[in-house]
Amino acid sequence: MPDDGAEAAGSPAAGPAAPAPSDPPAAVGAGPAVPSSPGPGALSRAGRRWRGLSRGVRLGAVVVAATLVATAVVVDGVLDRGRSAELRAAAGGVVDLSVPPTEAWRLDDAEAGVQMPGGLVAVAGGVAAVHRSDELLGIDMLTGQRRWTVDLVDRAAACGPGLAFWAETVELTPTAQVVCVGEAVSGEVMVTTVDPDGTVLGRRAVAEDHDVVVPGPQGTVLTATWVGEARAVDVQLRGNPMTNLTVVGTIDDGYDLEVRATDAVTGAERWSEVVPFGEVIDSTQCVRWNTGGRTVELDRRGDVDHMVSGRLVGFSGCGVLAYFTPDGQRLDLTGLEDAEGEVVRRVRPLADGGYAVSAGPWGQASWEFQVLGADGRHRFDLEGRLLDPLATDGRPDGQRLVTGRGETRAVGPEGATTWSVRLAATRYLARAGGTAVVLDERDRVVGLDLATGEVLWLREDLFEAYAALSDGPDGQVQSVFTDGRVVALVVPTYTDTGVVSRWRAIDAITGEDLWSTDLPEDGWGVDVAVDGHLLRWWPLGLAGFTTS
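This report concerns the structure included in the present document. (Residues numbered from 1 in each chain as written. Predicted model: local features only at pLDDT ≥ 70, side-chain atom pairs only at ≥ 80, totals over all residues. Heavy atoms only, no water.)

Here we look at the pattern of salt bridges
Counted only if it meets this: In the sections that follow, a salt bridge refers to a side-chain nitrogen of Lys or Arg positioned within 4 Å of a carboxyl oxygen of Asp or Glu. Counting from the N terminus, the helices are the DSSP runs of H or I reaching at least four residues and the strands are the DSSP runs of E reaching at least two. A simple rule labels every residue: compare its accessible area, found with a 1.4 Å probe on the protein chains alone, to the largest value its type can have, and call it buried under 20%, exposed over 50%, or partly exposed in between.
Overall, the coordinates contain 27 salt bridges when judged by the stated rule. Close ionic contact of Asp 299 with Arg 288 constitutes a salt bridge, the shortest N to O distance being 2.6 Å. With Asp 299 in the loop between β19 (295-298) and β20 (305-308) and Arg 288 in strand β18 (residues 287-290), this pair connects stretches of sequence that are 11 residues apart. Note on Asp 299: relative accessible area 15%, which makes it buried.

Structure, rendered in structure tokens:
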């Protein structure tokens, strides 16, 4: 498949943000004037006017004031619920980060048998669905208690839609249903669909022909099937199949691939499309290895690689590469047509919706991007490296950041530059409170005004202690989260007793330190925000954090 690029109590840390550097961008707008406070004379005159009013007028004024206060409380409550909903749906969004997170619960192999194959496969209705061997567990994300258990009677079951690993982020999109696909004793492929409350909505056989069957997004099952006819091609397979196999000749004809999404419960078709045979990007996808890899043969209807997330579906095989939105809109991949040689083709969803398409040499960043809309259609091209925020406050501003040639610039909805600043950003850590928090090539964390590009603050000290532990520039930041004002940076580091995740929180608007804490790690894993909750997944377990 193409590379998709996809301690319990903390102590407050000292150290204010450094002042902005002396070379801010040229376009800096003046801020609004701040009204001065009234002096004592003004207050005394107001008091005399109040005492001069009749008792009835004063009582009426008090009633009006009380009504306004009550209305304000109601409106604030509605706004708070709205903000909470925005954060729950945002990339890296957490409802409250005013205090350091602490581990509230954990499940590991010793306690609950959460092990591979399986793990965290879905989140729905406040429940984390965890697949372990022949069971599906519903784990309350607040308490870690098991709400329900569903026995999976089919062999080799795979449940989803599952975790999606992109180039810099991990995504787990909340879903309305959990879908599991397995093999019955009879050999039939069976689909089991589970509601967030643990109710089994149905178990059915997959009736249509298929070469691949996988759980899909939005309560679907995805199938991919080779169709059509293909003429013979003049191709030879030379070399050792296990070390230096070479495909000699041109594979200029092959089979088409039919992709279909069906309702997981009823089997009714949601959408389908036939992807025609095209350019063979990787000739080894047209080869089948036999006898433990010791012999090979040409097979243009071979394995179909697939990638499934809550926002993107992809399939690739011999002469076939296609991506779809969950509702079946095929993504425009014309930006990849001119890519030649040993390049990495990347398609990934963007934090604020839409998709990015790029191609570049192995081991190097892409410098030309196509931005697609949420419908998969081409919007505009970009020259430079597109930076996507790892965490947002759920309030898109219609801008995207692009870096290249020593500067960072913002582009609007149609790709036109709105501002630029002489700053070589390498990662877009967070967008919160009207501020873009970025990491530059010197491992400095910088706050940029999203309206003007002005440098609001700059921190050179945040990652100094971890520089020796990183695997290169900007390699130490593992995860980023925000509640709209606080930005929490997660950096794995070593202590005398093992590896911990060091969390450092800064104010998005001022860059000042707010708190820091260390949380234990259990080997390789990922921290992820789902529906406003903080979870940590690793191959042998799952943990939930609380900030209350």
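Re the sheet that holds strand β37 (residues 486-494)
Operational definition: Pairing between strands requires that DSSP locate at least two bridges from one strand to the other. Each axis is a line fitted through C-alpha atoms, and for a helix only the stretch in contact is used; angles between axes span 0 to 180 degrees, taken between their N-to-C directions.
Here we have 4 strands laid out as an open sheet, ordered β36-β37-β38-β39, and antiparallel in their pairing. A single partner strand is all that each edge strand has here, and the edge strands are β36 (479-482) and β39 (513-520). Averaged over all pairs of adjacent strands, the angle between their axes in this sheet comes to 20°, without regard to strand direction. Pairing analysis gives 7 bridges linking strand β38 (residues 499-507) to β39, with the strands arranged antiparallel. In the sheet register, Val 500 faces β39, and the bridge partner there is Pro 520.

Looking at the state of the cysteines
Our working definition: Throughout, a disulfide means two cysteine sulfur atoms within 2.5 Å of one another.
By the definition in use, this model includes 2 disulfides. Put simply, Cys 159 and Cys 180 are joined by a disulfide, and their sulfur atoms are 2.0 Å apart. On the S-S bond that ties Cys 159 to Cys 180, the torsion sits near 105°, and the link is right-handed. With a gap of 21 residues between them, Cys 159 in strand β6 (residues 155-160) and Cys 180 in strand β9 (residues 178-183) connect regions that are remote in the sequence. The disulfide partner of Cys 286 is Cys 318, and the gap between their sulfur atoms is 2.1 Å. Sign of the S-S torsion, about 95° for the bond between Cys 286 and Cys 318, identifies this disulfide as right-handed. Of the two residues, Cys 286 sits in the loop between β17 (269-275) and β18 while Cys 318 sits in the loop between β21 (313-317) and β22 (320-324), which places them 32 residues apart along the sequence. You'll find Cys 286 and Cys 318 in the same group, each marked buried.

So, the side chain of Arg 459
As a reminder of what qualifies: Polar contacts, as counted here, are pairs of nitrogen or oxygen atoms within 3.5 Å of one another; within protein the pair requires one atom able to donate a hydrogen and one able to accept it, and residues that are adjacent in sequence qualify only if both atoms are side-chain atoms.
Along the chain, Arg 459 falls in strand β35 (residues 455-459). Residue Arg 459 is classed as buried on the basis of its relative accessible area of 1%. A polar contact is formed between the side chain of Arg 459 and the backbone oxygen of Gly 511, at a distance of 2.7 Å. Of note is the side chain of Arg 459, whose polar atom sits 3.1 Å from the side chain of Asp 513.

Let's talk about empty space enclosed by the protein
Empty space among the atoms becomes visible once a probe the size of a water molecule is rolled across them. For clarity, the cut-off: We place a 1 Å grid over just the protein atoms. Points where a 1.4 Å probe fits but has no way out form a cavity, open points with protein on both sides within 12 Å along at least 5 of 7 lines form a pocket, and any residue with an atom within 4 Å of a point lines it. Grid points are joined across faces, edges and corners, and a volume is the space filled by probe spheres set on the points. In the scheme used here, Gly and all other residues not listed as nonpolar or charged are polar, with Ala, Val, Leu, Ile, Met, Phe, Trp, Tyr, Cys and Pro taken as nonpolar and Asp, Glu, Lys and Arg as charged.
Empty space within the largest cavity amounts to approximately 40 Å³. What lines the largest cavity is Asp 352, Leu 386, Leu 387, Asp 388, Pro 389, Gln 399, Arg 400, Leu 401 and Tyr 428. Among the elements of the structure, β27 (385-387) and β29 (400-404) are those that each provide at least two residues to the lining of the largest cavity. Of the residues belonging to the lining of the largest cavity, the class tally is 5 nonpolar, 1 polar and 3 charged.

Let's talk about the pairing of β37
Of all 9 residues in β37, 7 are buried; the element is thus mostly enclosed. Of the pairings in the sheet, the one linking β36 to β37 comprises 4 bridges and is antiparallel in character. What sits directly across from Phe 481, in β37, is Ala 488. Following β36, the chain reverses through 3 residues before pairing antiparallel with β37; Gly 484 in that reversal takes a positive phi of roughly 105°. For β37 and β38, the ladder comprises 9 bridges, and the chain directions are antiparallel.

Description of the packing of aromatic side chains
Which entries qualify depends on this criterion: Pairing of aromatic rings covers Phe, Tyr and Trp, the last counted by its six-membered ring, and requires centre-to-centre distances within 6.5 Å; plane angles under 30 degrees mean stacked, over 60 mean edge-to-face, and any other angle means tilted. Counting as a charge over the ring demands two things of the Lys NZ or Arg CZ atom: a distance within 6 Å of the ring centre and an angle within 35 degrees of the ring normal.
The tally for this structure, following the rule as stated, stands at 4 aromatic pairs. Ring plane angle 75° and centroid distance 6.3 Å describe the contact between Trp 503 and Phe 545, whose orientation is recorded as edge-to-face. One end of the pair, Trp 503, is in strand β38; the other, Phe 545, is in strand β42 (residues 541-546), and 42 residues separate them in sequence. Each member of the pair, Trp 503 as well as Phe 545, carries the same accessibility label: buried. Looking at Arg 301, its charged tip hangs above the ring of Tyr 255, at a distance of 4.4 Å from the centre.

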